[in-house]
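Structure at a glance
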Amino acid sequence: MEYLNENLLTILILLPAFGAVALIGHQLFWKEEAHLKWLTLAFTILNFLISLALLGNVAASENGFFFEKNIPWIEAINTNYHVGVDGFSLWLVILTTFIMPIAVISTWHAVEKRAPAFYVFLLLLESAMLGVFVTLDLLVFYLFFEASLVPMFFLIGIWGGKDRIYAAVKFFIFTALGSLLMLVAIISLYYLHLQATGTGSFDYITLLGSIQSGKLVLAGQAGTLLFLAFALAFSIKVPLFPFHTWLPDAHTEAPTAGSVILAGVLLKMGTYGIMRFNFTLFPEASREMAWIFIILAIIGIIYGALVAMVQPDIKRLVAYSSVAHMGFVVLGMFSFTEAGMQGALYTMLSHGVTTGALFLLVGFIYERRHTRLISEYGGLSSVMPIYATFFVITAMASIGLPFLNGFVGEFMIMLGMWSSTILSGNWNQVATMFAGTGVIFAAVYLLWMVQRVFFGKITNEKNKGLSDLSLREIGLMAPLLFLMVFMGVYPSLFLRESAASVRGIQKIVIGETTKGGTVDSPPEIGQVEKNLPDTN
């Protein structure tokens, strides 16, 4: 059992990669494409079931992380294969493994060309995304971060819409160029640690320990530049305004499975990176630059909602809604309050479920009509009542209706921002009020779209013969709808697991200049608090 616990994260990373190799071998020897989706589905479901073992009661290592493994990789430059999870990364790992089988099932009848390559890229993408969330060595983190770009580039560029090449290249250029500055910053950290301690290191725990002990000082101009290099790479991935322009094109042109993974998991790599690395390695710069990110987050919330409101394409509307939702996440993170940061993590999870479901629903109707234009629909509730019901519930969750998952995170974010002291005077309350308009605008663009698509008379004869959802499609939506309700009525199950880790990150980033004076030395940020009382 100890051996399994130590290697559990490695199994989660490698199993999809082994699955990709198995698919290639299957094609070389059997060439039966009908088996490919079943094999891919089996590997993704197995990985999800294995990931549930992360919820077990396992003792943390001395660093505070669970299921930790740390072995040398390239000893000449002192870089290790170092993986581990805490309460912060735990749910993002499970979200990834949960989304992947759903993405595979969504492609059951949609992939007609080069199916072997499609499923291989899906599995390789899962391995890379999981590596991002569990890696504790900065160089290895960068490799996984960049590796996730390649499969998604091909998924969009080969199986996307008519402008797929433009969208794929734009996606790759934006994210790859931003990441190069992060690589420069990672190398700089190595040499700064070498200069300060006599030993270079890419290890996150080692760097953090040197910073907290005072051996490595990342303040002043050097700290600000390093913070900005990391923040640029992560802000592009979020994406934070004004780095968002690649997202609508990528979402619109990507196949349904690609959009689900992009919204459900890939965007969270950016917000995860900011909280994990920017806040803990560069706390002083994080505080100094917080006002800029708060302003950009608010602009993103309002801008994304207003642009979504005028979109003629349903999928593009949902894409711009992601810009607004991720703006809420950034706002909550930079409130530097426990409520705001917990709300940011919860909104990451909720957005992955809700927006992933919206992209699935858009894909269902596109497979039937081969158009996503709102003007082509109207009165669908009379011919597709089950589809309409699922869509309305999902839209309400995205708006933030109480007792659905979207409400909890956004409410905690606004509560955290309102009580924050990061901005002077009453600006925290002003920021909260501006962000609150995004909730109103979300109701406008989603309800207006729902009204035009599903209600009224059928205005297009082509819609009269549309079939309602199949059993496969209902089964695909059922777990997502269950989570929307479950997360809305019982959030404490999720918040308990992440409380201690988020609190540890918060104490590091607020440093010694909190409103109440100095704070105690921060706890190990990797710990998970297992027995907190229910507070929700």
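Preceding this section is the structure that the text describes.
These notes cover the structure that comes with them. (Residues numbered from 1 in each chain as written. Predicted model: local features only at pLDDT ≥ 70, side-chain atom pairs only at ≥ 80, totals over all residues. Heavy atoms only, no water.)

**Quick look at the packing of helix 6 (residues 149-159) against helix 7 (residues 164-197)**
Across the interface, helix 6 lies against helix 7 with an axial gap of 7 Å and an inter-helix angle of 165°. Here helix 7 runs roughly antiparallel to helix 6, going by the angle between their axes. As for how helix 6 packs across helix 7, the hand of that crossing is right-handed. Across the interface between the two elements, Leu-149, Met-152, Phe-153, Ile-156, Gly-157, Ile-158 and Trp-159 of helix 6 pack against Arg-164, Ile-165, Ala-167, Ala-168, Val-169, Phe-171, Phe-172, Thr-175 and Ala-176 of helix 7. (Axes fitted to C-alpha atoms, helices over the stretch in contact; angles between N-to-C directions. Helix = DSSP H or I, 4+ residues; strand = E, 2+ residues; numbered from the N terminus. Parallel < 35°, antiparallel > 145°, perpendicular 65-115°, else oblique. Left-handed = near helix turned anticlockwise from the far one by under 90°. Contact = heavy atoms within 4.5 Å.)

**Here's the deal with the pairing of strand 2 (residues 79-85)**
Most of strand 2 is tucked away, with seven of its seven residues classed as buried. As paired elements, strand 1 (residues 66-74) and strand 2 share six bridges and run antiparallel to each other. Looking across to strand 2, one finds that Lys-69 is bridged to Val-83. Hairpin connection of strand 1 to strand 2: four residues between the antiparallel strands, including Asn-78 at a positive phi of 55°. (Buried < 20%, exposed > 50% of the residue type's maximum accessible area, 1.4 Å probe, protein only. Pairing = 2+ DSSP bridges.)

**Some remarks on the side chain of Thr-354**
By the secondary structure assignment, Thr-354 is in helix 14 (residues 338-369). Looking at Thr-354, the relative accessible area reads 3%, which means it is buried. The contacts of Thr-354, once residues within four sequence positions are left out, are Thr-394, Ala-397, Ser-398, Asn-405 and Met-484.

**Section: the packing of helix 12 (residues 283-309) against helix 19 (residues 492-510)**
The axes of two packed helices give the description: the angle between them and the distance between them. With their axes 7 Å apart at the nearest point, helix 12 and helix 19 run at an angle of 80° to one another. Taken together, the axes of helix 12 and helix 19 are roughly perpendicular relative to one another. Every residue of helix 19 that contacts helix 12 at Pro-283, Ser-286 and Arg-287 is listed here: Ile-508, Val-509 and Ile-510.

**A few points about the environment of Pro-151**
Tracing the backbone through its elements, the reader meets Pro-151 in helix 6. As for Pro-151 and Leu-124, which are separated by 27 residues in sequence, their C-alpha atoms are 6.8 Å apart. Beyond its immediate sequence surroundings of up to four residues, Pro-151 is in contact with Phe-121, Leu-124 and Leu-125.

**Observations concerning unusual backbone geometry**
Going from Val-238 to Pro-239, the amide bond is cis rather than trans, its omega being -10°. Mapping Pro-239 onto the fold places it in the loop between helix 9 (220-237) and helix 10 (246-253). Of the consecutive residues Phe-241 and Pro-242, the connecting peptide bond is found in the cis state with omega at 5°. For Pro-242, the location among the structural elements is in the loop between helix 9 and helix 10. Unusually for a residue other than glycine, Phe-336 sits at a positive phi of about 60°. Structurally, Phe-336 is set in the loop between helix 13 (314-333) and helix 14.

**What to know about the nonpolar core**
Counting residues in each nonpolar core, the largest one holds 190 residues, and the members touching the most others are Phe-230, Phe-279, Met-333 and Phe-334. What Phe-279 contacts, discounting residues up to four positions off in sequence, is Ile-274, Ser-286, Met-333, Phe-334, Phe-336, Met-341, Ile-505, Ile-508 and Val-509. (Core = buried A, V, L, I, M, F, W, Y, C linked by side-chain atoms within 4.5 Å.)

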